[in-house]
Amino acid sequence: MNTPRVSIGLPIYNGSNFMRETIDSVLRQTFTDWELVICDNASTDATPEICREYAARDSRIRFYANAKNMGAAYNYDRVLELSRGEYFKWTAHDDLMAPDFLEKCAGLLDSDRSAIGAAPQAAMIDESGQILREPWREVSMSSERPSERYRQQLTDAEGFRQIFGLYRTPVVRNCGPNGRWGSSDKNFLARLSLQGKILVTDTVLYSRVHPLQSVNAHTSTHARSIWFDPKLAGKIHFPRFSMVWDYLSAVFAYPMPFSERLRATGYWLRHMHWPGLAKDVAVAGLTLAHRALPGRWEPDQIIDPTAKRRTQKYAQSPVGLEAGKKSR
């Protein structure tokens, strides 16, 4: 069996709503030396049947299924583990790639051996595929200095879509497993940035916005952490502490001059959201109180007003109303 140059990892759970469009965008790539590794997280909809249909149609598509839902972080790690390509990218089941996505990104990595990754420009689309926001160029993290790339990642509020760029597979594996807390993709990007420069191409990733997105359906940092790792459900956990610690440990995980390590540590001290740690402690205390005085209130949403607003918005959406009917 020939080893493909590019591996695309698709971790999926109940993705039948958009996954055909996503897989079709892979099939339309002008660069054809790829494999698509799909791992289903025990979906309860038509996802497995759709995956098997595509795998039977194209030998470049490999389908695997977990016996039970292991959480998003495990599934993201699993598709990476199963991949064989020189280059690797994750794709979400609801996002689309421009037809020249792989060609442009792989071409850049082929021509610049000092770069560890090539990221796309990002555009936002709605449920029907209509453009909500035209493509914009994200921070490239292209500096020769690891501390500066690290700073660029820490201060870039919108750059999380770079996680769906194309990277050299050994570098991705050298980051270790995905974190089991909300927004851990930003931590993963920090680890990538410390290993080499990440450039931005002129190709486009179309990021879909819809009610079932993880940030909409799982409306607080603690809730998204449980989405990443279901074993956290019912337990007191400290996702913001995990995030802060991982950002610091990354600074000491990769070779760099002492002066660069010192600068990166300074950026960590300056740009961490320290008040968030108090939120973790407050949620832990309220969770203990909730166990003593149970009721229809969520401890993390008392601390996080944004989560409360998202919960209300989701509950009033067609998807949330339907989910509410099923829960009754």
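Residues numbered from 1 in each chain as written. Predicted model: local features only at pLDDT ≥ 70, side-chain atom pairs only at ≥ 80, totals over all residues. Heavy atoms only, no water.

S.K.: In this structure, what is going on with the overall build of the protein chain? I would like to understand it.
M.R.: From N to C terminus, the protein chain includes 15 helices and nine strands. Looking at the protein chain alone, contacts between residues at least 24 apart form 77% of all its contacts between residues at least 6 apart. Approximately 15,200 Å² of the protein chain is accessible, and the part contributed by carbon and sulfur atoms is 56%. (Helix = DSSP H or I, 4+ residues; strand = E, 2+ residues; numbered from the N terminus. Contact = heavy atoms within 4.5 Å. Areas by Shrake-Rupley, 256 points an atom, 1.4 Å probe, with all protein chains shown as cover.)

S.K.: What is the right way to read helix H1 (residues 19-27) from this model?
M.R.: Each turn of an α-helix holds 3.6 residues, which means side chains three or four residues apart point in the same direction. Every buried residue belonging to H1 is among Met-19, Thr-22, Ile-23, Ser-25 and Val-26, and all of these are buried. The buried residues of H1 occupy an angular sector of 155° when the element is viewed end-on, so they sit on one face. Contacts from the buried residues of H1 go to strand S1 (6-12), strand S2 (34-40), helix H2 (47-57), strand S3 (61-65) and strand S5 (96-97). (Buried < 20%, exposed > 50% of the residue type's maximum accessible area, 1.4 Å probe, protein only. Arc of directions from axis to C-beta.)

S.K.: How should I be thinking about the pairing of strand S4 (residues 87-90) in this particular structure?
M.R.: It is a general feature of regular strands that their side chains alternate between the two faces of the sheet. Because side chains alternate across S4, one face comprises the buried residues Tyr-87 and Lys-89, and the other comprises Phe-88 and Trp-90, equally buried. In the sheet, S1 pairs with S4 via four bridges, with the strands oriented parallel. Across the sheet, residue Ile-8 finds its bridge partner in S4, namely Lys-89. With two bridges connecting them, S4 and strand S8 (residues 166-168) associate as antiparallel partners. Opposite Phe-88, over in S8, you have Tyr-167 as the bridge partner. (Pairing = 2+ DSSP bridges.)

S.K.: Is there a simple way to think about the packing of helix H5 (residues 146-155) against helix H11 (residues 258-271) in this case?
M.R.: When two helices pack together, their arrangement is given by the angle between the helix axes and by the axis-to-axis distance. Packing of H5 against H11 brings their axes to within 8 Å, and their N-to-C directions diverge by 15°. The pairing of H5 with H11 is recorded here as roughly parallel in orientation. Considering only the axes of H5 and H11, their crossing is right-handed. Contacts between H5 and H11 pair Pro-146, Ser-147, Glu-148, Tyr-150, Arg-151, Leu-154 and Thr-155 from the former with Glu-260, Arg-263, Ala-264, Tyr-267, Trp-268 and His-271 from the latter. Classifying every residue of the contact of H5 with H11 by side-chain character gives six nonpolar, three polar and four charged. (Axes fitted to C-alpha atoms, helices over the stretch in contact; angles between N-to-C directions. Parallel < 35°, antiparallel > 145°, perpendicular 65-115°, else oblique. Left-handed = near helix turned anticlockwise from the far one by under 90°. Nonpolar A, V, L, I, M, F, W, Y, C, P; charged D, E, K, R; others polar.)

S.K.: Could you clarify how one ought to interpret the side chain of Ser-225 in this entry?
M.R.: Along the chain, Ser-225 falls in helix H9 (residues 221-228). Here Ser-225 falls in the buried class, since its relative accessible area comes to 0%. Residues in contact with Ser-225, not counting those within four places in the same chain, are Arg-180, Trp-181, Gly-182, Leu-232, His-237 and Pro-239.

S.K.: Please explain the confidence of the model for the protein chain as it appears in this structure.
M.R.: The predicted coordinates ought not to be read in detail in places where the model reports low pLDDT. Per-residue confidence for the protein chain averages 89 on the pLDDT scale, and 88% of its residues sit at or above 70. Here residues 314-328 is modelled with pLDDT under 50, and outside its nearest four sequence neighbours on either side it reaches 13 contacts, counting other chains as well. (pLDDT = per-residue confidence, 0-100.)

S.K.: Would you take a moment to explain a nonpolar patch on the surface for this structure?
M.R.: On the surface, a nonpolar cluster with roughly 420 Å² of combined accessible area is contributed by Ile-236, Phe-238, Phe-241, Val-281 and Leu-288. Relative accessible area serves as the criterion here: at 32%, Ile-236 is assigned to the partly exposed category. (Patch = residues over 30% accessible without salt bridge, like charges linked within 9 Å, V, L, I, M, F, W, Y side chains within 5 Å. Salt bridge = Lys/Arg side-chain N within 4 Å of Asp/Glu carboxyl O.)

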